[in-house]
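Fold and contact review
Chain by chain, the residues:
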Amino acid sequence: MDRGVVVVTGGSRGIGAAIALLAAERGYGVVVNYAASRDAAEAVCGQITSKGGSAIAVKANVAVEADIEQLFVEADAFGPLAGLVNNAGVVDKAARVDEMDMARLTRMFSINTLGSILCAGQAVRRMSTRHGGKGGAIVNIGSAASKLGAPAMFVDYAAAKGAIDTFTIGLALEVANEGIRVNAVRPGIIETDIHASGGDPERAARLAPSLPMARTGTAEEVARAALWLLSDEASYTTGTVIHVSGGRAIAP
Ligand code: NAP
């Protein structure tokens, strides 16, 4: 782990797992966070260690502040923090706004927005030169939904990801002179379990022909953008968003 430790929230499956695997290849020690899928998180760690990399799986619900604090305590014991990828995210069943209740909205914003902000706060306390740290990078995983609004599907999810876009700008400016860069990746339709968890397992395959590149993206394609933003190759890049959407929702 020559490059220090990167915490990947939701690193057990999908995009987070791809980011964890690529981060390890690039020389980071990886904290593979998960909420429920212990076996999947351990499998990601196993893949990493079998190739000579370093990784630990840490259970933490990013909607729970005490869990987040413990996640970063365990990361400290693993090695010096160099990066955070705020990837953990959920959707819900398709619904109109007039069908949504507080329980749904609280879950949606707690995991997708509040958890990312609290994790970033923990990372800043460790990486900011203001706190005696050596700097680092934060990558937030947004969504093309923040630009599309996702009407009659997940307006709540889109709004939670819209908050991530604004948070990326604000935090980037807040810590720009403290050695920390903060950027976002905005995926389009990516083949993962998230569509099934929203009650529509065929969503990605169904939408593929209508996408500008006429195909969905892969978790690895998102991971490559995230790893570039984490790296020194992106040393003068902060507060920006990289679309990894095959052209979907790129109009300003
Ligand atoms: P996924 O396959 O459903 O995986 C979600 C990951 O998040 C899992 O590792 C899961 O952990 C973790 N997670 C869920 N709730 C959590 C919680 N409360 N605390 C900690 N971890 C939690 O999803 P994905 O498609 O890879 O999505 C990853 C990110 O990309 C999300 O932020 C999503 O909004 C965003 N995104 C995805 C797409 C897409 O088309 N796939 C498009 C745009 C944006 P467990 O395994 O323990 O459940």
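Now for a look at the structure at hand. (Residues numbered from 1 in each chain as written. Predicted model: local features only at pLDDT ≥ 70, side-chain atom pairs only at ≥ 80, totals over all residues. Heavy atoms only, no water.)

Right, let's talk about the overall build of the protein for a bit. Within the protein, the secondary structure is distributed over nine helices and seven strands. At 17 Å, the protein has a C-alpha radius of gyration in line with the 18 Å of a compact globule built from 252 residues. The contacts in the protein between residues at least 6 apart in sequence include a share of 71% that link residues at least 24 apart. Of the roughly 11400 Å² that the protein leaves accessible, carbon and sulfur atoms contribute 54%. The centroid of the 23 positive side-chain charges in the protein is displaced by 3 Å from the centroid of its 25 negative side-chain charges. (Helix = DSSP H or I, 4+ residues; strand = E, 2+ residues; numbered from the N terminus. Rg over C-alpha atoms; globule rule 2.2 N^0.38 Å. Contact = heavy atoms within 4.5 Å. Areas by Shrake-Rupley, 256 points an atom, 1.4 Å probe, with all protein chains shown as cover. Lys, Arg positive; Asp, Glu negative; His and termini not counted. Charge placed at Lys NZ, Arg CZ, Asp CG, Glu CD.)

For the rest of this paragraph, the subject is the nonpolar core. The biggest cluster of nonpolar side chains holds 34 residues, and the ones touching the most others in it are I19, V30, V32, V85, V139, V185 and L230. Not counting chain neighbours up to four residues away, the residues in contact with V85 comprise V6, V7, V8, T9, I19, V139, I141 and L230. Residues V5, A60, F78 and I138 belong to the second largest nonpolar core, which totals 28 residues. (Core = buried A, V, L, I, M, F, W, Y, C linked by side-chain atoms within 4.5 Å. Buried < 20%, exposed > 50% of the residue type's maximum accessible area, 1.4 Å probe, protein only.)

With six of six residues buried, strand β5 (residues 136-141) lies mostly within the body of the structure. Neither face of β5 is open: one carries G136, I138 and N140, the other A137, V139 and I141, and all of them are buried. Direction of pairing for strand β4 (residues 81-86) relative to β5: parallel, over a ladder of four bridges. Bridging across to β5, V85 finds its partner in V139. Traced from β4 through helix α4 (residues 102-127) to β5, the parallel crossover comes out right-handed. Two elements, β5 and strand β6 (residues 180-187), share six bridges in a ladder whose sense is parallel. Paired with G136 across the bridge in β6 is I180. (Pairing = 2+ DSSP bridges. Right-handed = clockwise from strand over helix to strand, strands pointing away.)

Attention now goes to the site of the ligand. In the neighbourhood of the ligand, 31 residues make up the surrounding shell, with S12, A36, S37, Y157 and T192 lying closest. Take S37: an N or O atom from its side chain is 2.6 Å from an oxygen atom of the ligand. Within the backbone of A60, a nitrogen or oxygen atom sits 3.5 Å from a nitrogen atom of the ligand. Surface burial for the ligand is 95%, taken as the share of its 900 Å² of free accessible area covered by protein chains. Mapping the ligand onto the cavity grids shows that it belongs to the largest pocket. Breaking the shell around the ligand down by element, the ones donating at least two residues are α1 (14-25), β2 (29-34), α6 (155-174) and α7 (194-197). Tallied by class, the residues present in the shell around the ligand amount to 15 nonpolar, 13 polar and three charged. (Near = heavy atom within 4 Å. Polar contact = N/O pair within 3.5 Å; in protein donor to acceptor, adjacent residues only side chain to side chain. 1 Å grid on protein atoms, 1.4 Å probe; cavity = no way out; pocket = protein on both sides within 12 Å on 5 of 7 lines; lining within 4 Å. Sits in = over half its atoms within 2 Å of the grid points. Nonpolar A, V, L, I, M, F, W, Y, C, P; charged D, E, K, R; others polar.)

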